[in-house]
Amino acid sequence: MFPSNFEYFAPTTLDEALGLLAEHGEEAKVLAGGQSLIPLMKLRFAAPAVVIDINRVAGLDHLEESKRGRGFLRIGALVRNATLERSDLLADRYPTMATAAPLISDPIVRNQGTLVGSLCHADPQGDFGSVMLALDGEVVVKSTAGERRIPIKRFLDGPFTSTIRPDELAVEARVPSPEGRFSGTYLKLERKVGDFATVGVAVFVSTERGKVTRAGIGLTGVGATNIKATEAEAALVGNRLTDATIDEASRLAAAAADPRTDVRGSADYKRDVVRVYVARGLQELSGARAA
Amino acid sequence: MTATEETAAESAPEKPLDWLGQSIKRKEDDRFLAGRGHYIEDIDLPNMLHMAILRSPYAHATINSIDTTEAAALPGVVAVVTGELLAQHNLAWMPTLSGDTQAVLATDKVRMQGQEVACVIAEDRYVAHDALELIDVDYEPLPAVVNPFAALEEGAPLIRDDKEGQTDNRVYHWEAGDAAATEEAFLEAHKVVAVDTHYPRSHPSPLECCGCVADLNPASHRATIYMTSQAPHAIRTVFALVTGLPEQNIQIISPDIGGGFGNKVPVYPGYVVATAASLLLGRPVKWIEDRTGNLISTGFARDFHMKGELAVARDGTMLGVRVKMLSDQGYAYADAQPSKLKAGLFHIVTGSYDLPAAHVVCDGAYTNKAPGGVAYRCSFRVTEASFLIERLVQNAAVELGLDPAELRRRNFIQPEQFPYTSATGFVYDSGDYETAMDMALEMAGYDELRAEQQRRRTEGGKLLGIGLASMTEALGAGPSRDYDILGIKMFDSAELRVHPTGKAILKLGVRHQGQGHETTFAQIVAHELGIPPDDILVHEGDTDNTPYGLGTYASRSTPVAGAAAAMVSRTLREKAKKIAAHLLEVSEDDLEWEHDRFSVKGAPSQTKTIQEIAFAAYTNHPMGMEAGLEGVHYYDPPNLTFPFATYVVVVEVDPETGEWQPIHVVAIDDCGVRINPMIVEGQIMGASPRASPWPPCRRSPSTTTATASGPTSWTT
């Protein structure tokens, strides 16, 4: 790799990292897993003057459930995709994320790449953006000025654009803990292993006495950002998962998609795959067991 | 039997009866798997400089000016090379493998996106890449043509206006076969089925991109050029002709190569500029292509727009085939096209079928795309031809309401018809197509598959697709009377030296890229002489130290160089016989050969092994005989060879999304003698996944109009 010249810092504490960001923010890029940043620098599409490598910063590799409030999952900025893929906690309690993790690119990318880094990169074809939207997650960002918690819907601002400020470091992603009976899954259409999603669909539902209490549907690769199919979600809440409600929700999800025709397929095709995948995901969940 | 004889028999080392057909492990894999291969990137010479290439962001543009001042002033930059500088040495253009011309560095215009415009030579690669960004090229974009049909339309922008007498974008118009006879056949047809398809441009994508280290020593006047080349000897000759350097002073060394697939047959601008720079600067210059540069500029494969028609009688008998093709050549005609057949081995388009009439029309068009047309998985257009005829046969089966296997069965050339002269003029040596197909159908459980396919169509769920293809290839070029590259005949060669201790070195004119030559060719010698493969070093890729050959591509190495290895072994065995006769004090006529030794007929204890004979060749050879046990053979095959195959591929298709997944692949290949079955099977298994992008016609994105122009600067 032959990137442009850059200055390299490898802080070991969070304070040190935030100090460096306060000083260099505008011209700096944070390096975690590097699976997006390094290719961009290699191609010289990105030429940051400063690279702040946070891999040595202590206290960012936690993957755990907090019991505070109604409880939430905490995913530190240095938690690798491979860790998510192998986590029993995710498999038991966060099936949407657990299903998506092994579908991210290839094992080499998953060994290095991080969920938080992927969210910051804000690629509309990133799978975790949709997972976070379906699960109503948020991103915790810190700077020398303090801490912000940004709901994922506001965090993802446009293609490759997030609302994180240049002096801020995303330290953690959070997802509310599920309640009652719940299930979730992620479906991804890719041309070949390791390719970006042609279409990805994250679904999550929790139910009480057979009726949906919470529904989450996130769409990948069919818009300028990951899309939260809110109307489809709303159509499910309060109802049972039946063929009719599933059809209606999948139709609304397809309507929420805003795909473009490209080398991976026509807009019409992608929109219809959204419909099929949302329906399949929900069908799968309607038969799923209780937690 | 005497006691002595019994002891001798018991102590004889156990050995396989024959090394041919043994699945021994690949000798080369120890170093490849342990990361101890030696590739271009591993070569590091004292005082070496590094080169990077500036590539055009436009598919078609006039170059008004190139300002290199700022780049040249960057500390660490030694030189900036432009087409203008090369033109002063008559090196701005170079010949292609088909005798056309291709720019080394653009002078007047760029004619493809990614075309080489300037090169920076610097003390390290980082500086070289930094300097690329400081080169200021003033382009004036021109309308680009990336579709060959549009290229041939009246008023299309003239791409090769540099060529005298070139008034349009047509490269060639060829016809082959018998137009009148084919016309007649079509008149008699019960049905004419058609296929109109684009076999898309594809990219060889080897793991290792191209690269070279050019070391022109101003004191010795020797040019040592390490290069990723599948054909080092031919490259040496081309370099001698292009640069004017005396050929004895050029040494091309192809070290280990990380895959080629035809990508490493052509001469690329990077090689030429690095060589010129080393000549001008008196220091070694290294160029390592990166993936971006490889994808955008390297020799492509395919890109044929094909219209085929098949005339069939009511009972399915095939009467004739006619084909119109338009080949998208890119901006230079650079096919590896060694045959005197006009459309290359596309003439195999009659496939495995007894087709009495055929007519092929092929046009080539210049477009604003990368040149190439090099082999990919045995091409010279064989693959395209197979694809077309098999698609036609499939369509015919559907239209006639016949099972595709049955339609093939009714039309296969029969075993007793060989040697068979095809309607396009090939003489097929042998074949038994129906047996191959029956084996494949049986292994696949074809009848049950068809029943299952019907069941799923009525019951819903995932659909079953059953693909069937029978293929006959033409490969193993020469014979030299019909095949050459730029006039160099397509023979190949082997030199074998057996050392005094009975160990040997086999030197070949071909150059493998991972195919297993170091094992396979050792097995051929082992089969002929009985020297165990582990005792034979196979050496390739160094023009100073191997006999002349045309290189490894289009499935020619084993049929041609492999045969040369067998032939030279036999020559040595003849000499060994003379030495054995001398040692055993008998007449040559009294000796018989078995595995690795000569024995006296009727006195089997009287033997001399090849190792004993080799020792004697240097220590106790007969008076009047030259010492040593070595020789060289240049093999010129009498004909191409015509392997055949039937494949059955079963896919599951999701009717709602179109997703498909192969679930079962049966491959029956007749490849002749399997020298190392494990390697043969590995080749088939390796090739099958590589075939999977073609059915959905996945294409290299460079074919889309989106890349016709753009602001991005591509660099390598």
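Residues numbered from 1 in each chain as written. Chains lettered and ligands numbered in written order. Predicted model: local features only at pLDDT ≥ 70, side-chain atom pairs only at ≥ 80, totals over all residues.

Peer 1: Sorry if this is basic, but what is going on with the overall build of chain B here?
Peer 2: Scanning chain B from terminus to terminus reveals 18 helices and 31 strands. Projected onto the principal axes, the alpha-carbon positions of chain B cover approximately 90 × 75 × 50 Å. When each of the 716 residues of chain B is scored for burial, the buried share is 51%. Considering only residue pairs separated by 6 or more positions, chain B has 77% of its internal contacts joining residues 24 or more positions apart. (Helix = DSSP H or I, 4+ residues; strand = E, 2+ residues; numbered from the N terminus. Buried ≥ 20, exposed ≤ 12 C-beta atoms within 10 Å, placed from the backbone. Contact = placed C-beta atoms within 7 Å.)

Peer 1: I would appreciate a short explanation of helix H14 (residues 446–459) of chain B in the present structure.
Peer 2: Helical geometry note: an α-helix holds 3.6 residues per turn, so side chains three or four residues apart project in the same direction. Residue and element names in this part refer to chain B. Given a rise of 1.5 Å per residue, 14 residues ought to cover 20 Å, and the 20 Å separating the end C-alpha atoms of H14 matches this to within 8%. Counting buried positions along H14 yields 1 of 14 residues, so the element is predominantly exposed. Just downstream of H14, Gly460 is the residue with a positive phi angle, here 90 degrees. (Expected span 1.5 Å × (residues − 1).)

Peer 1: It is not clear to me how the sheet that holds strand E12 (residues 199–208) of chain A should be interpreted in this structure. Could you clarify?
Peer 2: Strand pairing in a sheet takes place through backbone hydrogen bonds and is either antiparallel or parallel in direction. Residue and element names in this part refer to chain A. Taken in spatial order, the 4 strands make up an open sheet running E11-E12-E13-E14, and their pairing is antiparallel. The open sheet has two edge strands with one neighbour each: strand E11 (181–189) and strand E14 (227–228). Here helix H12 (residues 267–286) sits on the sheet in contact with E11, E12 and strand E13 (211–220), set at roughly 30 degrees to E12. (Pairing = 2+ DSSP bridges. Axes fitted to C-alpha atoms, helices over the stretch in contact; angles between N-to-C directions.)

Peer 1: Hey, could you run me through the domain arrangement of chain A in this one?
Peer 2: Buried accessible area, meaning the area lost when the parts come together, often serves as the stated size of an interface. Residues and elements named next belong to chain A. Along its sequence, chain A is organised into domain 1 (7–54), domain 2 (63–176) and domain 3 (181–286). Contact with domain 2, which involves 23 residues of that partner, is made by 24 residues of domain 3. Where the side of domain 2 that touches domain 3 is concerned, the elements lending two or more residues are helix H5 (95–100), helix H8 (127–134) and strand E8 (156–158). At 6 residues, H8 tops the list of elements feeding residues into the side of domain 2 that touches domain 3. Across the side of domain 2 that touches domain 3, the residue classes break down as 11 nonpolar, 8 polar and 4 charged. (Domains from an automatic or database assignment. Nonpolar A, V, L, I, M, F, W, Y, C, P; charged D, E, K, R; others polar.)

Peer 1: Help me out: how do you make sense of the domain arrangement of chain B in this one?
Peer 2: Residues and elements named next belong to chain B. You can read the domains of chain B as domain 1 (15–35 + 492–635) and domain 2 (45–144 + 208–259 + 264–292). Listed as interface residues are 14 residues of domain 1 and, on the opposing side, 16 residues of domain 2. For the side of domain 1 that touches domain 2, the class distribution of residues is 3 nonpolar, 8 polar and 3 charged.

Peer 1: How should the sheet that holds strand E13 (residues 250–253) of chain B be read in this particular structure?
Peer 2: All names here are of chain B. If you trace the 7 strands from one edge of the open sheet to the other, you get E3-E7-E1-E14-E11-E12-E13, paired in mixed fashion. The strands lining the two open edges of the sheet, one partner per strand, are strand E3 (77–82) and E13. Sheet twist, expressed as the mean angle between neighbouring strand axes with direction ignored, is 20 degrees. With 5 bridges connecting them, strand E11 (residues 211–216) and strand E12 (residues 223–227) associate as antiparallel partners. Looking at the pairing, Val213 lines up with Tyr226 of E12. Running at roughly 25 degrees to strand E1 (residues 49–55), helix H5 (residues 125–132) makes contact with E1, E3 and strand E7 (116–122) of the sheet. Along the sheet, helix H9 (residues 269–281) makes contact with E1, E3, E7, E11, E12 and strand E14 (285–288), crossing E11 at roughly 25 degrees.

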